[in-house]
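Results of the structural survey
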Amino acid sequence: MSRKESLLHFYTNQVEPERIRLMADIQHTLNSQFPMLTTEFLRYFEELTSKIRHSQQIGAKGNVAYIQYSLLRTEVATGAMHYLAEASDMSWLLDRDPIQAIYDAKWAFDCLERMLDRLKKTLPDYQGMISMVELDRIRLQEVTLVHRYVIYFIRQCFHQLLDSQLISDMQVEPEFEIRVGEYLDTSECVYRLDQRERNLEDIGRELEEGDGLGGMYADYHDLDMEEMICSDLDFRYSRFNDIRLKSTDFERCVLVGTRWHNCDMRDTNFADSLLYGADFNGCSLERAIFRGISGEEGHPDGRIQGPGYSGINFENANLTGADFRGARLRGAIFRRANLTNVLWDGADLEGAIFEESVKEESPCDTLG
């Protein structure tokens, strides 16, 4: 074979299968070691916040508006997967004196190195047509995929903590974000705290000015949003805390990764919305409409290109009389939920968890 033919064969028959194996390896690592990895990450985070508090106490730093974790690709090339954590003021990337620390994502880098070790063993089959230089190129290519899992992991870490634990005596701006991305490149919000005093008019104006996207990564709390029309909006990864949402309309909304805490959502309409990875733990959802929603665990489009979604969490929720007809609920969690008089016709409940739930009849009879 020519070098071109060898490269095509190598990427088709070696790299692509190993890429799938890499994703499985990372997911297994997260599933089996999540508590330990979370503890380790939060130790790094505490080191950063300790630096921030000390700097603020001596007057060297004002309020923090952003903490950003940035992948350092130059270090990946030399054998490490370090993230530079920087705490900055309102000027963000233009802050001339950010507080800095490092997070070592060794667990993710080890998965990548295991993939490269396996590929290295196949090189003799190509009779010198493919060198170690190609493996270095693959390392820099695949770190983008590994980075997606690190973003997912860091977001899950911050979901474990209360706001008071996260801030931990830091002085922060009313709008405070934690983001993850590549160094001096795009980043994604994984946690947002909004302590501004806002009313419904303010929120409505933000949603209108955002052209339907103003609700993404938002933090809503202590509001009365009963009977509001919020259909066809994008609220992905937003938080709703202590909100009255009775009879509110969220029809056809993007609600991926949303967190709902201590919310009254009786008669709320979520019909035909995207609810992958949403968390309704402990919420009041009597007669709520979830008809036709999409919220199955895994990869909805069937393509594995990064971390999948977890099943919707309805643990401890009151779902009396809720309507789940035609809903895609594979892997959903209904542990200790009240499921009295729930409508299940046509719902996909494969792998759903019903431990200690209260129900009149088993929904297992209606698996789609």
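Figured I'd write up the structure that's included with this text. (Residues numbered from 1 in each chain as written. Predicted model: local features only at pLDDT ≥ 70, side-chain atom pairs only at ≥ 80, totals over all residues. Heavy atoms only, no water.)

Right, let's get into the pattern of salt bridges. What the rule picks out here adds up to 40 salt bridges. Here Glu 182 ties to Arg 73 by a salt bridge, and the two come within 2.7 Å at their closest N and O atoms. On the criterion of sequence distance, the pair formed by Glu 182 in strand 4 (residues 172–182) and Arg 73 in helix 2 (residues 73–76) is long-range, its members being 109 residues apart. A salt bridge links Arg 325 to Asp 323; the shortest N-O distance between them is 2.8 Å. Overall, the relative accessible area of 34% leaves Arg 325 in the partly exposed class. Connected via shared salt-bridge partners are Glu 175, Glu 177, Arg 179, Arg 192, Asp 194, Arg 196, Arg 198 and Glu 206. (Salt bridge = Lys/Arg side-chain N within 4 Å of Asp/Glu carboxyl O. Helix = DSSP H or I, 4+ residues; strand = E, 2+ residues; numbered from the N terminus. Buried < 20%, exposed > 50% of the residue type's maximum accessible area, 1.4 Å probe, protein only.)

It is worth spelling out the sheet that holds strand 6 (residues 219–224) at this point. Spatially, 6-7-8 is the arrangement adopted by the three strands of the open sheet, whose pairing is parallel. Since the sheet does not close on itself, it has two edges, and those belong to strand 6 and strand 8 (259–261), each with one partner. Neighbour to neighbour, the strand axes of the sheet diverge by 20 degrees on average, direction disregarded. As defined by bridge partners, strand 7 (residues 239–244) adjoins strand 8 across three bridges and the pair is classed as parallel. Paired with Arg 239 across the strands is Arg 259, a residue of strand 8. (Pairing = 2+ DSSP bridges. Axes fitted to C-alpha atoms, helices over the stretch in contact; angles between N-to-C directions.)

This part is about the environment of Phe 235. Locating Phe 235 in the fold gives a position in the loop between strand 6 and strand 7. Since its relative accessible area comes to 1%, Phe 235 is described here as buried. Sequence separation between Phe 235 and Gly 215 is 20 residues; the distance between their C-alpha atoms is 4.6 Å. Ignoring sequence-local partners within four residues, the contact set of Phe 235 consists of Leu 207, Gly 215, Met 216, Tyr 220, Cys 230, Phe 240, Phe 250, Cys 253, Val 254, Leu 255 and Thr 258. (Contact = heavy atoms within 4.5 Å.)

The next subject is the nonpolar core. Of all hydrophobic cores here, the largest spans 58 residues; its most connected members are Ile 67, Tyr 69, Met 81, Trp 107 and Phe 158. Among residues more than four places away in sequence, those in contact with Tyr 69 are Phe 41, Phe 45, Leu 48, Tyr 83, Leu 84, Ala 85, Tyr 103, Phe 158, Ile 178, Arg 179, Val 180 and Gly 181. Cys 230, Met 265, Phe 280 and Ala 347 belong to the second largest nonpolar core, which has 46 residues in total. (Core = buried A, V, L, I, M, F, W, Y, C linked by side-chain atoms within 4.5 Å.)

Turning our attention to the packing of aromatic side chains. Taken as a whole and judged by the stated rule, the model has 39 aromatic pairs. The interplanar angle of 15 degrees and the centroid separation of 4.6 Å between the aromatic rings of Tyr 66 and Trp 92 together place this pair among those described as stacked. You can see Tyr 66 sitting in strand 1 (residues 64–71) and its partner Trp 92 sitting in the loop between strand 2 (82–88) and strand 3 (99–104), a full 26 residues away along the chain. Accessibility expressed as a relative area gives 19% for Tyr 66, which makes it buried. (Phe/Tyr/Trp six-rings, centres within 6.5 Å; stacked < 30°, edge-to-face > 60°.)

A word on the environment of Arg 239. For Arg 239, the position within the fold is in strand 7. The sequence separation of Arg 239 and Asp 279 amounts to 40 residues, and the corresponding C-alpha distance is 9.6 Å. Those residues in contact with Arg 239 that sit more than four places away from it in its chain are Asp 163, Tyr 191, Arg 192, Leu 193, Ala 218, Asp 219, Tyr 220 and Arg 259.

To summarise the sheet geometry, strands pair through backbone hydrogen bonds and adopt either a parallel or an antiparallel arrangement. Spatially, the five strands line up as an open sheet ordered 3-2-1-4-5, and their pairing is mixed. Each having just a single partner strand, strand 3 and strand 5 (187–194) make up the two edges of the open sheet. Here the average twist between neighbouring strands, direction ignored, is 15 degrees. One ladder, built from seven bridges, connects strand 1 with strand 4; its direction is parallel. Counted as the bridge partner of Ile 67 is Ile 178 from strand 4. Across the sheet, helix 1 (residues 3–57) lies against strand 1, strand 2, strand 3 and strand 4, angled at about 170 degrees from strand 3, the strand it touches most.

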